[in-house]
Amino acid sequence: IKKLPKVMLFLKALQLLKAGSDPKPRLSAALDIYVSTHRNADSKKAMERAKRDWGQLEALAGDICIADLGREHARAFVAQCAANGMKTATARRAVNTLCAVLNVAIRELDIRGAFNPFAAVPIANEGRDAKEVKTPSPEELAAVLGAFGADRAVPSLLILIQMGTGARIAEESG
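Along each chain, numbering runs from 1 in the same order as the chain's sequence is written. Per-residue local features are limited, in this predicted model, to residues with pLDDT of at least 70; the limit for side-chain atom pairs, both in listing and counting, is 80 or more; totals at the level of whole chains, interfaces and linings are taken over all residues. Neither water nor hydrogens contribute to the side-chain values; these are computed over all heavy atoms in the structure.

Novice: I keep staring at the packing of helix α2 (residues 27-37) against helix α5 (residues 88-108) and nothing clicks. Help me out?
Specialist: At a minimum axis separation of 8 Å, α2 and α5 run at an interaxial angle of 95°. In terms of axis orientation, α2 runs roughly perpendicular to α5. Where α2 abuts α5, its residues A30, L31, I33, Y34 and T37 lie against A100, V101, V104, A105 and E108. Amino acid classes used here: Ala, Val, Leu, Ile, Met, Phe, Trp, Tyr, Cys and Pro are nonpolar; Asp, Glu, Lys and Arg are charged; the rest, including Gly, are polar. Of the residues in the contact of α2 with α5, the class split is eight nonpolar, one polar and one charged. Axis lines are fitted to C-alpha atoms, over the contacting stretch for helices. Their N-to-C directions set the angle, which ranges from 0 to 180 degrees. Think of it this way: any DSSP run of H or I at least four residues long counts as a helix, any run of E at least two long counts as a strand, and we number them from the N terminus. Angular relationships are summarised with four words: roughly parallel below 35 degrees, roughly antiparallel beyond 145, roughly perpendicular across 65 to 115, and oblique for the angles in between. Only heavy atoms enter the contact rule, under which two residues are in contact if any of them lie within 4.5 Å.

This is the structure:
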């Protein structure tokens, strides 16, 4: 299936859904539709994250009909994230992924009257567990520039690029 074009994957996913005996699409079908239509379907990292997050939802709620998914499932998912020690920013990314999967499923499977229970889910104390990032003072930046300004080694050049652009080292070094 992986070598088929995205349109073919989408059609295959729809065929699989229609082949089932249950006329109402279930959670297990939603991820297939999402993966087959996502613009970053080739991104291994993004798809693994979506599958992981969706798997957690399915483990929590079971393979219920998409239309039966409610706000209580969204709140339970957020509570589970917190109980597992997940930072609130990570929980927000997971909720956003689930919201995106459901939006695609509701739209592409034409689930009339369905709403997305993961839309605008509140996360208690969101952002308060983030690490505080210290911004260097102009004096500290001048000291770094003085220490690395004449050095042409790759690490020194990356530091200078970072100072000039504000980009992360990983973004600069590729």
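Novice: So what exactly am I meant to see when it comes to the packing of α2 against helix α3 (residues 44-61) here?
Specialist: Geometry of a packed helix pair, given as the angle between the helix axes and the separation of the axes. Where α2 contacts α3, the two axes come as close as 10 Å, and the packing angle between them is 170°. When the interaxial angle is binned, α2 and α3 end up roughly antiparallel. Of the residues in α3, those touching α2 at L27, S28, A30, L31, Y34 and V35 are M47, A50, K51, W54, L57, E58 and A61. Residue composition of the contact of α2 with α3, by class: 10 nonpolar, one polar and two charged.

Novice: Please explain the nonpolar core as it appears in this structure.
Specialist: Soluble globular proteins: nonpolar side chains tend toward being buried together. Definition used in this section: a nonpolar core is a set of buried Ala, Val, Leu, Ile, Met, Phe, Trp, Tyr and Cys residues joined via side-chain atoms within 4.5 Å. Partly exposed describes any residue whose relative accessible area lies between the buried limit of under 20% and the exposed limit of over 50%, with all areas from a 1.4 Å probe on protein chains only and scaled to the type maximum. W54, L57, I66, F77 and F118 are the most contacted members of the largest nonpolar core, which totals 34 residues. Elements with a minimum of two residues in this core: α1 (6-19), α2, α3, α4 (71-83) and α5. For this core, the leading source of residues is α5, giving 10 residues. Every residue in contact with F118, bar those within four places of it in the chain, is listed here: L57, L69, R71, H73, A74, F77, V95, L98, C99 and L102.

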